[in-house]
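Listed here are the chains, written in short residue letters.
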Amino acid sequence: MSQKIDQNLDGLLRLDRLPHIWCAGCGLGIILRSYVEALKENKMDLDKIVTISGIGCAGRASGYVNTDAFHTTHGRSIPFATGVSISNSDLKPVIISGDGDLFAIGGNHLIHAARRNVNMLVICSNNFNYGMTGAQYGPTTPLQARTPTSPYGNIENPFNLVGLVAAAGATMVSRWSVYHVHPLKNAIKKGLQKKGFSFIEVISPCTTGFGRLNRQTPLEMMKTLREKSRVRKVHPTEVTIDIDNEIIIGDFIDIRKPTFNETLEELEKRAGD
């Protein structure tokens, strides 16, 4: 059955895979649309984009985009993207995955890709829990937040994602939310053009899991993103998310340094002399 879709996105999505599987109120549809709009507005050659994802709700995104795509095993989107990037410097790997896949089982791969400054764009949907497997608490669950595995409130300190990747060596670091669609799209456009390891954290509601257990409706979750989010010019190590305080968003890091790809090519030239 044919799907009705904005004609401006014609050719960017695999219509035979739609409608998507995400829950009502989930922010992943907004992330997906922001991504394909960025591809269109940047006039990217889709033959030179590889969309990669890991396991989890966000992992479905790679299958909806009309680029070369790969849905990897759990935590392995970064090493797969690294292989794509260094094997063909004309290709731009873009990872769309979740906080659990990227920073729990995939965390070691992520920090070393940032350290090496591998040319790729990572779009991380942070919904504060393992949404697909039952909404258990994970590496980004805020203190005192309730999940099925922390019914009396989470007692583990969460990762500050933008602070972590900045410390590891990423050359572009941003955090936006699915409420802030225009700056999110602009950050993706910049990341698509950026040479080096680029990272965008996107705060995205998990309405079925996190929202239900923390007594928030989908509308209330979006209102929270609108009312509590503030753009601040601060160092990314200072923006840990606390559910009782403001959420600091913005573009934090944008620097230029040699990519791993460029360094490897230079090494090959020296070795061949």
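Further up the page is the structure itself.
These figures come from a predicted structure and were not determined experimentally.

Student: I'm lost on the packing of aromatic side chains in this one. Help?
Tutor: Think of a pair of aromatic rings as described by two things: how far the centres are apart, and how the planes are tilted against each other in angle. Counting across every chain of the model gives four aromatic pairs. Measuring from centroid to centroid gives 4.2 Å for F70 and F80, while their planes differ by 10°, and the two rings are stacked. Separated by ten residues along the polypeptide, F70 in strand β2 (residues 68–71) and F80 in helix α2 (residues 77–87) bring together distant segments of the chain. Taking relative accessible area as the criterion, F80 reaches 31% and is therefore assigned partly exposed. Here the aromatic rings of F103 and F199 are separated by 5.7 Å at their centres, their planes lie at 80°, and the arrangement is edge-to-face. Residue F103 is located in helix α3 (residues 99–105), and its partner F199 is located in strand β6 (residues 197–203); the two are separated by 96 residues in the primary sequence.

Student: Help me out: how do you make sense of the pattern of salt bridges in this one?
Tutor: Note that side chains of opposite charge can pair when their charged atoms are close. Scanning all chains against the criterion turns up nine salt bridges. One salt bridge in this structure joins K189 and E41, with 3.0 Å as the shortest N-O distance. Here the residue K189 occupies a position in helix α6 (residues 181–193), and E41 occupies one in helix α1 (residues 28–41), the gap between them amounting to 148 residues. Here D254 ties to K190 by a salt bridge, and the two come within 3.8 Å at their closest N and O atoms. Remark: K190 occurs in helix α6 and D254 occurs in strand β8 (residues 247–254); sequence separation between them is 64 residues. The exposure class of D254 is partly exposed, given its relative accessible area of 47%.

What counts and how
Residues numbered from 1 in each chain as written. Predicted model: local features only at pLDDT ≥ 70, side-chain atom pairs only at ≥ 80, totals over all residues. Heavy atoms only, no water. Phe/Tyr/Trp six-rings, centres within 6.5 Å; stacked < 30°, edge-to-face > 60°. Helix = DSSP H or I, 4+ residues; strand = E, 2+ residues; numbered from the N terminus. Buried < 20%, exposed > 50% of the residue type's maximum accessible area, 1.4 Å probe, protein only. Salt bridge = Lys/Arg side-chain N within 4 Å of Asp/Glu carboxyl O.

It is worth stressing that arrangement in space is one thing and function is another; only the former is reported here.
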